[in-house]
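# Residue-level structural notes
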Amino acid sequence: MTGNSAGKPLDGVRIVDLSTVLMGPLCTQILADSGAEVIKVEPIIGDTTRHIGPSVTPGMGPLFMNLNRGKKTVSLDLSDARCRDALDRLIAGADVLIHNLRPKVAQRRGLDFERMKAINPALVYCNLYGYGQNGPYKDRPAYDDLIQGACGLPALFARAGASKPRFVPVNVADRIVGLYAAIAIPIGLHAARRSGTAQKVELPMFEVLASLVLGDHLYGATAVGQGSALGYPRLLSPDRRPFATRDGYICVAVYNDNHWRRFLPAIGREDILDDPRFASLNSRVEHIDTVSAFLSGILIEEPTAHWMEFFDRLDIPVSPMNTIESLLADPQTLASGLVVERDHPTEGRTRAVANPMVWNDASLSIGEAPKLGQHTREILNGAGLSDGEIDAMARDGIIVAAEA
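Our subject in this report is the structure included herewith.

## Overview of the side chain of E42
Of note, E42 is situated in strand β2 (residues 37-42). Judged by its relative accessible area of 2%, E42 falls in the buried class. Side chain to side chain, E42 and T73 meet in a polar contact 2.6 Å long. Sequence-distant contacts of E42, defined by excluding residues within four places in its chain, comprise D47, R50, F64, T73, V74, S75, L76 and L372.

## Examining the pattern of salt bridges
It is possible for side chains bearing opposite charge to pair when their charged atoms get close. Going through the model one piece at a time under the given rule, you end up with 26 salt bridges. In this structure, the salt-bridge partner of E341 is R349, at a minimum N-O distance of 3.6 Å. The residue R377 makes a salt bridge to D391 at a minimum N-O spacing of 2.7 Å. Remark: D391 occurs in helix α18 (residues 387-395) and R377 occurs in helix α17 (residues 376-382); sequence separation between them is 14 residues. According to the relative accessible area criterion, R377 is partly exposed, its value standing at 31%. The exposure class of D391 is partly exposed, given its relative accessible area of 29%. Residues participating in the shared-partner salt-bridge network are R14, E37, K72 and E378.

## Let's talk about helix α13 (residues 288-299)
With twelve residues, α13 should cover 16 Å at 1.5 Å per step; its first-to-last C-alpha distance of 16 Å lies within 8% of that length. Inspection of α13 places I288, V291, S292, F294, L295, I298 and L299 among the buried residues, and these make up the whole buried set. Angularly, the buried residues of α13 cover 160° about the axis, an arc narrow enough to put them on a single face. Looking at the packing, one finds that the buried side of α13 touches α10 (233-236), β7 (243-244), β8 (249-252), α11 (257-266), α12 (281-286) and α14 (304-314).

## Describing unusual backbone geometry
Glycine aside, the phi torsion of most residues is negative, and most peptide linkages are trans. Phi is positive for Y219, close to 40°, though the residue is something other than glycine. Assignment of secondary structure puts Y219 in the loop between α9 (205-217) and α10. Residue class for Y219 comes out partly exposed when judged on its relative accessible area of 34%.

## Topic: the sheet that holds strand β1 (residues 14-17)
Overall, mixed pairing links the seven strands, which are arranged β6-β5-β4-β1-β2-β3-β12 in an open sheet. Where the open sheet ends on each side, the last strands, each with one partner, are β6 (199-204) and β12 (399-400). Summarising the sheet, strand β4 (residues 96-99) and strand β5 (residues 124-129) pair through four bridges and their orientation is parallel. Within β5, the position partnered with L97 by the bridge is Y125.

## Things to note about the packing of aromatic side chains
Taken as a whole and assessed by the stated rule, the structure comprises 13 aromatic pairs. Their ring planes at 70° and their centres at 5.4 Å tell us that W260 and F278 sit as a pair that is edge-to-face. With a gap of 18 residues between them, W260 in helix α11 and F278 in the loop between α11 and α12 connect regions that are remote in the sequence. Since its relative accessible area comes to 6%, F278 is described here as buried.

The rules behind each value
Residues numbered from 1 in each chain as written. Predicted model: local features only at pLDDT ≥ 70, side-chain atom pairs only at ≥ 80, totals over all residues. Heavy atoms only, no water. Helix = DSSP H or I, 4+ residues; strand = E, 2+ residues; numbered from the N terminus. Buried < 20%, exposed > 50% of the residue type's maximum accessible area, 1.4 Å probe, protein only. Polar contact = N/O pair within 3.5 Å; in protein donor to acceptor, adjacent residues only side chain to side chain. Contact = heavy atoms within 4.5 Å. Salt bridge = Lys/Arg side-chain N within 4 Å of Asp/Glu carboxyl O. Expected span 1.5 Å × (residues − 1). Arc of directions from axis to C-beta. Pairing = 2+ DSSP bridges. Phe/Tyr/Trp six-rings, centres within 6.5 Å; stacked < 30°, edge-to-face > 60°.

Here it is, written out as structure tokens:
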């Protein structure tokens, strides 16, 4: 997904990234793709995701590679005073610090906002954690499954007809928080540069995901005291699923009034236009189970290819139902260059998911995922440490300084 020039929107921005696993690394990968210099500070054993999934060489797991491309990595044992001092030097020269420690843990480790802004008075400080600090859960650790459960997603599946509550099979809470952080940090940079003062932004997972759930499902309870129910009926219908065709499945949205005025005559059912349940968008939402059952009965009669051509001709939104495998081979995926194949220095031929943003005049070409400690010497030299000091730290086992 590249533009026409060599420049990138965030060229010149330096980010110190203490985050691990998924939500923080996703955020900083987006920012690295956009031109920021991201210095990923890892423990001696590396980010947890280095060790998840199959890899050609140890420490280069697929999750890590798909969340940390284009970053520089420095590996420090932050229990040692020399490494903590080196980190302070990095933060002093950075524009942004991001981490996913609980605030109480950050305070204990000397990574709280007050201390960080004393080191760097123009810093943008971004803290990702589980639960907002004004609530009773503020000190709880959090993982994606826990936040999905706390925000009602498994219960929504059950309410919509699943036999049991279940989690979304994507790390949806982590990824949404990472996207919010990638929005918040440039806002913070603008504010810091305009005001000349440090900016702090906190992104609690529970509140972020709950805001999305309630954004759809506050629905009838939006007006206080009216007695209307929570839950958007169209999203909660048990029949809101891909429709079975004669030979597979199809996803179609016969949604607005114009769609129905084109669809019903084309299938010879103009009579339905007089049915009050089908008369308007609001009525169709109210009677969504009836509407879905009607569509199911029609779509099962012909194969998927027939319906794809039929709905395309009527300009009614339609899509095939892909699997993960067919998504990789989908013509849209291929034409957009979303999945890139290239040669990695240690992993051989690899696939990476490109940044989907398309700019008119900027390149978002993507870099490689680094091996553990690949840039330790470069980064520490840049922070003012001598080769002798770095060699001594390596001998003492408090850094990993891999050969380039």
